[in-house]
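# Tertiary structure, described
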Amino acid sequence: MEAKITLLPGDGIGPEVVNEAVKVLTAVAAQHTHTFTFTEKMAGGIAIDETGDPLPEDTLGACLESDAVLLGAVGGPKWSDPKAAVRPEQGLLKLRKSLGVFANIRPVKVFAALADASPLRPERVQNVDIVFVRELTGGIYFGQPQGREMVDGLRSGHDTMRYNEMEIKRVVNVAFKLAQGRRGKVTSVDKANVLASSRVWREVAHEVAAEYPDIEYEDVLVDAMAMYLVNRPGDFDVVVTGNMFGDILSDEASMISGSLGMLPSAALGEGMLGLYEPIHGSAPDIAGKGIANPLATILSTAMLLRSSLGLEEEASKVETAVSQVLAAGYRTADLARGGETAVNTQEMGDLVVKAL
Ligand code: IPM
Ligand code: MG
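Residues numbered from 1 in each chain as written. Chains lettered and ligands numbered in written order. Predicted model: local features only at pLDDT ≥ 70, side-chain atom pairs only at ≥ 80, totals over all residues. Heavy atoms only, no water.

## Details of the sheet that holds strand β9 (residues 216-221)
The strand order β2-β1-β3-β12-β11-β4-β5-β10-β8-β9 describes an open sheet built from ten strands, whose pairing is mixed. Pairing within the sheet leaves two strands with one partner each, and these edge strands are β2 (35-40) and β9. If you compare each strand with its neighbour and ignore which way they point, the axes differ by 25° on average. Judged from the five bridges that link them, strand β1 (residues 2-10) and strand β3 (residues 68-73) form a sheet pairing that is parallel. (Pairing = 2+ DSSP bridges. Helix = DSSP H or I, 4+ residues; strand = E, 2+ residues; numbered from the N terminus. Axes fitted to C-alpha atoms, helices over the stretch in contact; angles between N-to-C directions.)

In structure tokens:
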């Protein structure tokens, strides 16, 4: 098959990890005689430096014309002045919104070889296999009004958390469909005891649940969920929640797997075009050192192959290759424990290509 893939390496470790992911995609294409055409564009801080805009027209245009978009990371201390008028993250939010990718799929799985890299006891993490479905184009990230102003002589800021039934229904549906192909359980997370938007969320989620009598369903409050993810993470299958709760809980859950550097994600909408990114950020502290873990981005390419290109066999091969490399004992610095020698970013990428 022929596919157009737009690459947005972005900032910090983004370019380093995207480089390794491209090696993997290139190897897959060669093995299966596919033609993947890569177009690299600027997004985030680097785009602000070069053009003043974190998502230049030309970048968005290329993304809209492609079959899939692979993003590294955006942001960093250089652009994080709280008073800055333009921010790298605005580019990412605009990209998600413009692509219409409202469902962010974030799987949290523990690779057998990494069970002891988790800060939780191995017996607690053994059976963990959760898929987070985070609403990605609504909620408090996008609600208007938003801004800062002086109120009674005091510096103030405000955001708006708003969801309508259409936005809730379509993302909760994604969660139920996923659960049908898995262990058949959906957990919806909200803060319905305090927030009006969460009460609408819960009401609509119940209506959707009624259409899937074969799926077990529960509501959990977000504060309780934060606790359950630590003391009984093995109990969850598909977890669906709003934009901000999903942002926070998926970082928490990533620790179950041992490292934020392991978790991929796919942002999907109505069509096949998807936005794929590791859930970790730009990690400015280690950028340029060549030691970042490229596995989250490599695993994101597996999701890309599966969900945007329909290449299930190729996707599984990439995932198997990653498992094999880990089982053979190779670790990047974030995963290496006392005494283990770490491989660098490029070596890890090469090992996965070799295992393919
Ligand atoms: C994520 C990140 C982003 C988010 C930032 C970089 C805007 O934390 O993808 O989880 O909050 O969505
Ligand atoms: Mg986040």
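Now that the structure has been shown, the text picks up again.
## Observations regarding the site of ligand 1
The environment of ligand 1 is made up of Glu89, Arg96, Arg106, Arg134, Tyr141 and Asp247. In this structure, an oxygen atom belonging to ligand 1 sits 2.8 Å away from a side-chain N or O atom of Arg106. A distance of 2.9 Å separates an oxygen atom of ligand 1 from a polar atom in the side chain of Asp247. Contact with the protein chains covers 78% of the free accessible surface of ligand 1, which is 320 Å². Of the residues that constitute the shell around ligand 1, the class distribution is one nonpolar, no polar and five charged. (Near = heavy atom within 4 Å. Polar contact = N/O pair within 3.5 Å; in protein donor to acceptor, adjacent residues only side chain to side chain. Areas by Shrake-Rupley, 256 points an atom, 1.4 Å probe, with all protein chains shown as cover. Nonpolar A, V, L, I, M, F, W, Y, C, P; charged D, E, K, R; others polar.)

## Points about the domain arrangement of the chain
Here the chain is partitioned into domain 1 (1-103 + 271-356) and domain 2 (119-257). The centre of domain 1, based on its C-alpha atoms, is set 24 Å off from the matching centre of domain 2. Each side of the interface is counted separately: domain 1 has seven residues, and domain 2 has 13 residues. Applying the counting rule to domain 1 against domain 2 returns zero salt bridges. Counting the contacts that link domain 1 with domain 2 gives two residue pairs in polar contact (both at pLDDT 80 or more). With three residues, helix α4 (residues 88-99) is the largest single contributor of residues to the side of domain 1 that touches domain 2. Residue classes in the side of domain 1 that touches domain 2 are distributed as five nonpolar, no polar and two charged. (Domains from an automatic or database assignment. Contact = heavy atoms within 4.5 Å. Salt bridge = Lys/Arg side-chain N within 4 Å of Asp/Glu carboxyl O.)

## Looking at the side chain of Thr345
Mapped onto the secondary structure, Thr345 falls in helix α12 (residues 345-355). Overall, Thr345 belongs to the buried group, its relative accessible area being 3%. Here the side chain of Thr345 touches Ile291 through a polar contact of 3.3 Å, landing on its backbone nitrogen. Those residues in contact with Thr345 that sit more than four places away from it in its chain are Glu16, Glu20, Gly290, Ile291, Ala292 and Pro294. (Buried < 20%, exposed > 50% of the residue type's maximum accessible area, 1.4 Å probe, protein only.)

## Digging into the pairing of strand β10 (residues 238-241)
Residues Val238 and Val240 point to one face of β10 and Val239 and Thr241 to the other, with burial holding for every one of them. Where strand β5 (residues 129-135) meets β10, four bridges bridge the pair, whose relative direction is parallel. Within β10, the residue paired with Arg134 across the bridge is Thr241. Pairing of strand β8 (residues 185-190) with β10, which is carried by four bridges, proceeds in the parallel orientation. Along β10, the bridge assignment pairs Val189 with Thr241.

## With respect to the packing of aromatic side chains
A complete count under the given rule lists three aromatic pairs for this structure. Judged by centre distance (5.9 Å) and plane angle (20°), the rings of Phe176 and Tyr217 are stacked. Placement of the pair is Phe176 in helix α6 (residues 165-180) and Tyr217 in strand β9, with a sequence separation of 41 residues. Overall, Phe176 belongs to the buried group, its relative accessible area being 0%. (Phe/Tyr/Trp six-rings, centres within 6.5 Å; stacked < 30°, edge-to-face > 60°.)

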